[in-house]
Amino acid sequence: MALLKIVDEEKLDENLAAIANTIREKSGTEGTLAFPLGFTSAIEAIDLAGPNKAESLDQYLTSQLTEYTSDVAGTAIAYALRGCTSLTSVTLTELTAMGVYMFQGCTGLKFVSMPKIKKISTGTFYTCEALTDVHLPSTTEIGNQSFSDCSALERFDGYGATLVGTSAFRRCAALQTLILRSASVAKLNDVNAFDSTP
């Protein structure tokens, strides 16, 4: 992944510092973070002065962001959009791997398009209660708790997934269709992958 800035460098601008601190707080880490190319321009485009302005970037990310689209390749930052309850749509055209708990608690998220994602990391969509239909044509690995507590999830098409992690679909009460087209699911981490799921 091409990197634009390392978050801890001395010349870091104020907006990236605020976002880095939010990510660190949510993830419980003090480590160095890196942002992908294009991230700075996306942040600069956020209207913090208009009639519907957010009081801070943290407030914007958690209460006003409704759509997120990116054509950046690589792996997403862990916890990056965790708790963004207003987020309804995500389109990631080039991303190949998700950061852990990236969309955890995005309770309004309904639409996801990720044609090149190969790995869904631990807790990526944990408690995304509005998510109903997921189609991931390139996915090979579904991590632990990836879709746990996605109570509205009705259909999941994992295409070529060969690994389904622990509690991956736990408490997905509405799940009616699960498609794994791989010749064989090589590894089902435990019987609780579908705990409390019909």
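Look above for the structure.
Quick look at the structure, then. Each residue is numbered by its place in its chain's sequence as written, counting from 1. Under the rules for a predicted model, residues below a pLDDT of 70 receive no local features and side-chain atom pairs below 80 are neither given nor counted, while totals for whole chains, interfaces and linings still include all residues. Here the side-chain values reflect all heavy atoms present in the structure, with hydrogen atoms and water set aside.

1. Examining the overall build of the protein
Worth spelling out the cut-off: Strands are runs of DSSP state E lasting at least two residues, helices are runs of H or I lasting at least four, and both sets are numbered from the N terminus onward. The contact criterion used throughout is that any non-hydrogen atoms of two residues lie within 4.5 Å. Here the accessible surface of atoms and residues is derived via Shrake-Rupley with a 1.4 Å probe, and residues count as covered only by protein chains that are part of the display.
Within the protein, the regular secondary structure consists of three helices and 14 strands. The long-range fraction of contacts in the protein, counting pairs at least 24 apart against all pairs at least 6 apart in sequence, stands at 25%. Counting every atom, the protein has about 9500 Å² of accessible surface; 49% of that belongs to carbon and sulfur.

2. A word on the pattern of salt bridges
Note the following rule: Whenever Lys or Arg places a side-chain nitrogen within 4 Å of a carboxyl oxygen from Asp or Glu, that contact is recorded as a salt bridge. Residue exposure (1.4 Å probe, protein chains only): buried if accessible area is under 20% of the type maximum, exposed if over 50%, otherwise partly exposed.
Throughout the structure, instances matching the rule amount to four salt bridges. The salt bridge partner of Glu94 is Lys116, with a shortest N-O separation of 2.7 Å. Taken together, the residues span a long stretch of sequence, with Glu94 in the loop between strand S5 (89-92) and strand S6 (95-97) and Lys116 in the loop between strand S7 (111-113) and strand S8 (119-120) at a distance of 22 residues. Residue classification places Lys116 among the partly exposed positions, given a relative accessible area of 36%. With a closest N to O distance of 4.0 Å, Arg170 and Asp149 form a salt bridge. Of this pair, Arg170 sits in the loop between strand S12 (163-164) and strand S13 (177-179) while Asp149 sits in the loop between strand S10 (141-142) and strand S11 (155-157), and the two are 21 residues apart along the sequence.

3. Digging into the sheet that holds S5
Formally: Only when DSSP finds a minimum of two bridges between them are two strands counted as paired. Axes here mean lines fitted to C-alpha atoms, for a helix over just the part in contact, with angles spanning 0 to 180 degrees between N-to-C directions.
Strand order in the open sheet formed by three strands is S3-S5-S7, with parallel pairing between adjacent strands. The strands lining the two open edges of the sheet, one partner per strand, are strand S3 (67-70) and S7. Neighbour-to-neighbour, the strand axes of this sheet turn through a mean angle of 0 degrees, independent of strand direction. As defined by bridge partners, S3 adjoins S5 across four bridges and the pair is classed as parallel. By the bridge assignment, Tyr68 is partnered in S5 with Val90.

4. Looking at the environment of Leu153
Its location among the elements puts Leu153 in the loop between S10 and S11. For the pair Leu153 and Leu175, spaced 22 residues apart in sequence, the C-alpha separation works out to 5.4 Å. With sequence-adjacent residues up to four places away left out, Leu153 is seen in contact with Leu131, Thr132, Asp133, Val134, Phe147, Phe169, Cys172, Ala174 and Leu175.

5. Observations concerning the sheet that holds S13
Read from one edge to the other, the open sheet built from three strands follows the order S9-S11-S13, with strand pairing classed as parallel. Edge positions in the open sheet fall to strand S9 (133-135) and S13, since each of these has one partner strand only. Each strand of the sheet is rotated relative to its neighbour by a mean of 5 degrees, with strand direction disregarded. In this structure, S11 lies alongside S13, joined through three bridges in parallel fashion. When the bridges of S13 are listed, Asp157 appears paired with Ile179.

6. A word on the packing of aromatic side chains
Put simply, the test is: Aromatic pairing here means that ring centres of Phe, Tyr or Trp (its six-membered ring) are within 6.5 Å. Orientation follows from the plane angle: under 30 degrees is stacked, over 60 is edge-to-face, and everything else is tilted.
Across all of its chains, the model carries six aromatic pairs by this definition. On the basis of an interplanar angle of 10 degrees and a centroid distance of 5.1 Å, the ring pair of Phe125 and Phe147 is categorised as stacked. In this pair, Phe125 is assigned in the loop between S8 and S9 and Phe147 in the loop between S10 and S11, connecting sequence segments 22 residues apart. On the basis of an interplanar angle of 65 degrees and a centroid distance of 5.0 Å, the ring pair of Phe156 and Phe169 is categorised as edge-to-face. Remark: Phe169 occurs in the loop between S12 and S13 and Phe156 occurs in strand S11; sequence separation between them is 13 residues. Through successive ring pairs, a cluster of aromatic residues spans Phe103, Phe125, Phe147, Phe156 and Phe169.

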